[in-house]
Amino acid sequence: MESNERYWTRRAVEELRAEARAITPEAKARRRALAEAFAAKARLCLAAAPRELA
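One numbering rule holds for all chains: residues counted from 1, following each sequence as written. In keeping with the model being predicted, local features are shown solely for residues with a pLDDT of at least 70 and side-chain atom pairs are shown and tallied solely at 80 or more, while totals for entire chains, interfaces and linings include all residues. The side-chain quantities take in all heavy atoms of the structure and omit both hydrogens and water.

### Some remarks on the overall build of the protein chain
Threshold: To qualify as a helix, a DSSP run of H or I must reach at least 4 residues; to qualify as a strand, a run of E must reach at least 2; elements of each kind are numbered from the N terminus. For the radius of gyration, the atom set is restricted to C-alpha positions; the globular benchmark scales as 2.2 Å times the number of residues to the power 0.38. Each accessible area is a Shrake-Rupley estimate made with a 1.4 Å probe; only the visible protein chains count as cover when residues are assessed. Note that His is not counted, nor are the chain ends; the positive residues are Lys and Arg, and the negative ones are Asp and Glu. Charge coordinates come from a single atom per side chain, which is NZ of Lys, CZ of Arg, CG of Asp or CD of Glu.
Helix and strand counts for the protein chain stand at 2 helices and 0 strands. The C-alpha radius of gyration computed for the protein chain amounts to 13 Å, which surpasses the reference 10 Å derived for 54 residues by more than 25%, pointing to a less compact arrangement than a globule. With the C-alpha coordinates of the protein chain rotated into their principal frame, the extents come out at 45 × 20 × 15 Å. Approximately 4500 Å² of the protein chain is accessible, and the part contributed by carbon and sulfur atoms is 59%. In the protein chain, 12 positive and 8 negative side-chain charges are present, and the distance between their average locations comes to 2 Å.

So, in structure tokens, the structure goes:
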């Protein structure tokens, strides 16, 4: 099972790829906004994750 951080990171990357394929400026803006929101969620998950002692 993938972690929450990996999930949100993957979704952000998918949205950036979709932005590159988008045709209209509005679609590009929506995809960019989603990518940024997903990246922010990934950062929050990463910050909240307990650190392993190595």
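### Re the packing of aromatic side chains
Basically, it comes down to this: Working definition: rings of Phe, Tyr and Trp (its six-membered ring) pair if their centres are within 6.5 Å, and the pair is stacked with planes under 30 degrees apart, edge-to-face with planes over 60 apart, and tilted otherwise. Classification of residues uses two cut-offs on accessible area relative to the type maximum, computed with a 1.4 Å probe and protein chains only: under 20% is buried, over 50% is exposed, and between them is partly exposed.
Throughout the structure, instances matching the rule amount to 2 aromatic pairs. Aromatic side chains Tyr 7 and Trp 8 sit 4.9 Å apart centroid to centroid with 75° between the ring planes, which places their arrangement in the edge-to-face category. On the accessibility criterion, Tyr 7 (32% relative accessible area) is partly exposed. Ring geometry for Trp 8 versus Phe 38: centroids 5.3 Å apart, planes at 35°, classification tilted. Separated by 30 residues along the polypeptide, Trp 8 in helix H1 (residues 4–21) and Phe 38 in helix H2 (residues 25–48) bring together distant segments of the chain. Aromatic ring contacts, followed pair by pair, group Tyr 7, Trp 8 and Phe 38 into a single cluster.

### Section: the environment of Arg 30
Tracing the backbone through its elements, the reader meets Arg 30 in helix H2. Here the alpha-carbon distance between Arg 30 and Met 1, two residues 29 residues apart in the chain, equals 29 Å.

### Concerning H1
In an α-helix there are 3.6 residues to a turn, and that puts residues three or four apart on one side. Where we set the bar: Each residue after the first adds 1.5 Å to the expected span of a helix. The directions from the helix axis to the C-beta atoms are what the arc is built from. By definition, residues are in contact when any of their heavy atoms lie within 4.5 Å.
The terminal C-alpha atoms of H1 lie 26 Å apart, and with 18 residues this matches the ideal 26 Å at 1.5 Å per residue to within 8%. Those residues of H1 that sit buried are Trp 8, Arg 11, Ala 12, Glu 15, Ala 18 and Glu 19. Seen along its axis, H1 keeps its buried residues to an arc of 125°; they face one direction. Relative to its buried face, H1 has exposed residues pointing more than 90 degrees away, namely Arg 6, Arg 17, Ala 20 and Arg 21. In this structure, the buried side of H1 is in contact with H2.

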